[in-house]
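Okay, here's what each chain looks like letter by letter:
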Amino acid sequence: MTYDLFIELTAKLARWCNKNLNDTQREIYWEAIKKIPDKAFEDIIDTLIGEIPPSGKLPKPDDISLQWFYWRQAHPDSVTPEYKQTWCNECDGDGIFSVWYQDYIVPKNQIPPGKDPDKFISWYRMFVPCSKCQNWKRQFPTKGPCRPKRFYTRLDILSMGWRLTDPCFDNKNKLQTPLKKDLNQLVDIAVNDMDAELLRIEKEVLNGK
Ligand SMILES: [Zn+2]
């Protein structure tokens, strides 16, 4: 997996368990689980957070490795993709989009009374499948209950208030960005973020061409 995603998701897990990982612990986790692909690691962290009560015990690297084993059992197609990649203008053939979205770092009902809820908002990252091609089958499980429920175009993603680029790159502090933006604002941000070709595609979509 990518180191950035590892840092992001282990921090999320530690936060959920109300623990702090020091550098040595983080290194032990990294060595033990770095072979897990990004998408699988995201699912695994979601599963663990779903199973552990808030402030519960932090899973050990072995617990995560066990979840990786379960994940491979459940998603044989993702480990050995049987689908050939095709060209796609929407996702550049990746089949998925890496998106950033904002959410509360604790369940909303756990925000202390009198505190500003906006102070508990942070950016998260996830992957969503492209609606214009079948390449998502190379990345997402194709059988069972984990099949994607919804597919996205770039414009769908922006309409959700999500971003296609890392908000850290343009120093968008997590607390300075309002949770909801109107579509035009989002497109303005995207225009600044993306290269000229993507800009052209989005403008055309927006203009209904
Ligand atoms: Zn696509």
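Residues numbered from 1 in each chain as written. Predicted model: local features only at pLDDT ≥ 70, side-chain atom pairs only at ≥ 80, totals over all residues.

Asker: Help me understand the overall build of the protein, please; the structure alone is not making it clear to me.
Answerer: When helices and strands are counted, the protein shows eight helices and two strands. Buried positions account for 19% of the 209 residues belonging to the protein. In the protein, the share of contacts with a sequence separation of at least 24, taken over all contacts with a separation of at least 6, comes to 72%. (Helix = DSSP H or I, 4+ residues; strand = E, 2+ residues; numbered from the N terminus. Buried ≥ 20, exposed ≤ 12 C-beta atoms within 10 Å, placed from the backbone. Contact = placed C-beta atoms within 7 Å.)

Asker: Looking at this structure, I do not really get helix α1 (residues 3–16). What am I missing?
Answerer: Along an α-helix, a turn takes 3.6 residues, which lines up residues three or four apart on a common side. The end-to-end C-alpha separation of α1 is 20 Å, in line with the 20 Å expected for 14 residues at 1.5 Å each. All of the buried residues in α1 are L9, T10, L13 and W16. An end-on view of α1 places all buried positions within 115° of arc, on one side of the element. The exposed residues of α1 that point more than 90 degrees off its buried face are Y3 and D4. Residues of α1 that are buried make contact with α2 (23–33) and α3 (38–51). (Expected span 1.5 Å × (residues − 1). Arc of directions from axis to C-beta.)

Asker: When you look at the nonpolar core in this model, what are you seeing that I'm missing?
Answerer: One recurring pattern in soluble globular proteins is that nonpolar side chains are buried together. Listed in full, the eleven residues of the largest apolar core are C91, I96, F97, V128, C130, C133, W136, Y152, I157, L158 and W162. Breaking this core down by element, the ones donating at least two residues are β1 (96–104) and α6 (154–159). Once you skip the residues sitting within four places of it in the chain, I157 turns out to touch F97, V99, V128, Y152, W162 and L164. (Core = buried A, V, L, I, M, F, W, Y, C linked by C-beta atoms within 7 Å.)

Asker: Explanation requested: unusual backbone geometry in the structure shown.
Answerer: When glycine is set aside, most residues are seen to have a negative phi, and most peptide bonds are trans. Unusually for a residue other than glycine, S55 sits at a positive phi of about 65°. Topologically, S55 is positioned in the loop between α3 and α4 (61–74). A count of 10 C-beta atoms within 10 Å places S55 in the exposed class.

Asker: What should I look at first to understand the environment of P59 in this one?
Answerer: Its place among the elements puts P59 in the loop between α3 and α4. Considering only alpha carbons, one finds P59 and I45, 14 residues apart in sequence, at a separation of 9.9 Å. Beyond its immediate stretch of four places on either side in the chain, P59 contacts L48 and I64.

Asker: Please clarify how the confidence of the model for the protein should be interpreted in this entry.
Answerer: Low pLDDT marks regions whose predicted coordinates should not be analysed in detail. Per-residue confidence for the protein averages 76 on the pLDDT scale, and 72% of its residues sit at or above 70. α1 holds the highest mean pLDDT among the elements of the protein, 94, whereas helix α8 (residues 196–206) holds the lowest, 44. Low pLDDT (under 50) marks residues 141–146, which in the prediction has twelve contacts with non-local residues, meaning those over four places away or in another chain. The low-confidence segment residues 173–209, where pLDDT is below 50, has 32 contacts with residues more than four positions distant or belonging to other chains. (pLDDT = per-residue confidence, 0-100.)

Asker: What is the right way to look at the packing of α1 against α3 in this model?
Answerer: When two helices pack together, you describe them by how their axes are tilted relative to each other and by the distance separating the axes. Where α1 meets α3, the closest approach of the two axes is 10 Å, and the angle between their N-to-C directions is 0°. As far as their axial angle goes, α3 and α1 are roughly parallel. Here L5, L9, K12, L13 and W16 of α1 lie close against α3, whose contacting residues are D38, F41, E42, I45, L48 and I49. Residues belonging to the contact of α1 with α3 are distributed by class as follows: eight nonpolar, no polar and three charged. (Axes fitted to C-alpha atoms, helices over the stretch in contact; angles between N-to-C directions. Parallel < 35°, antiparallel > 145°, perpendicular 65-115°, else oblique. Nonpolar A, V, L, I, M, F, W, Y, C, P; charged D, E, K, R; others polar.)

Asker: When you look at the packing of α2 against α4 in this model, what are you seeing that I'm missing?
Answerer: Where α2 meets α4, the axes come as close as 9 Å, and the angle between the chain directions of the two elements is 25°. Judged on the interaxial angle alone, α4 and α2 are roughly parallel. Every pair of crossing elements has a handedness; the one defined by α2 and α4 is right-handed. When α2 is examined against α4, the residues I28, Y29, A32 and I33 are found in contact with a partner set consisting of P61, I64 and S65. (Left-handed = near helix turned anticlockwise from the far one by under 90°.)

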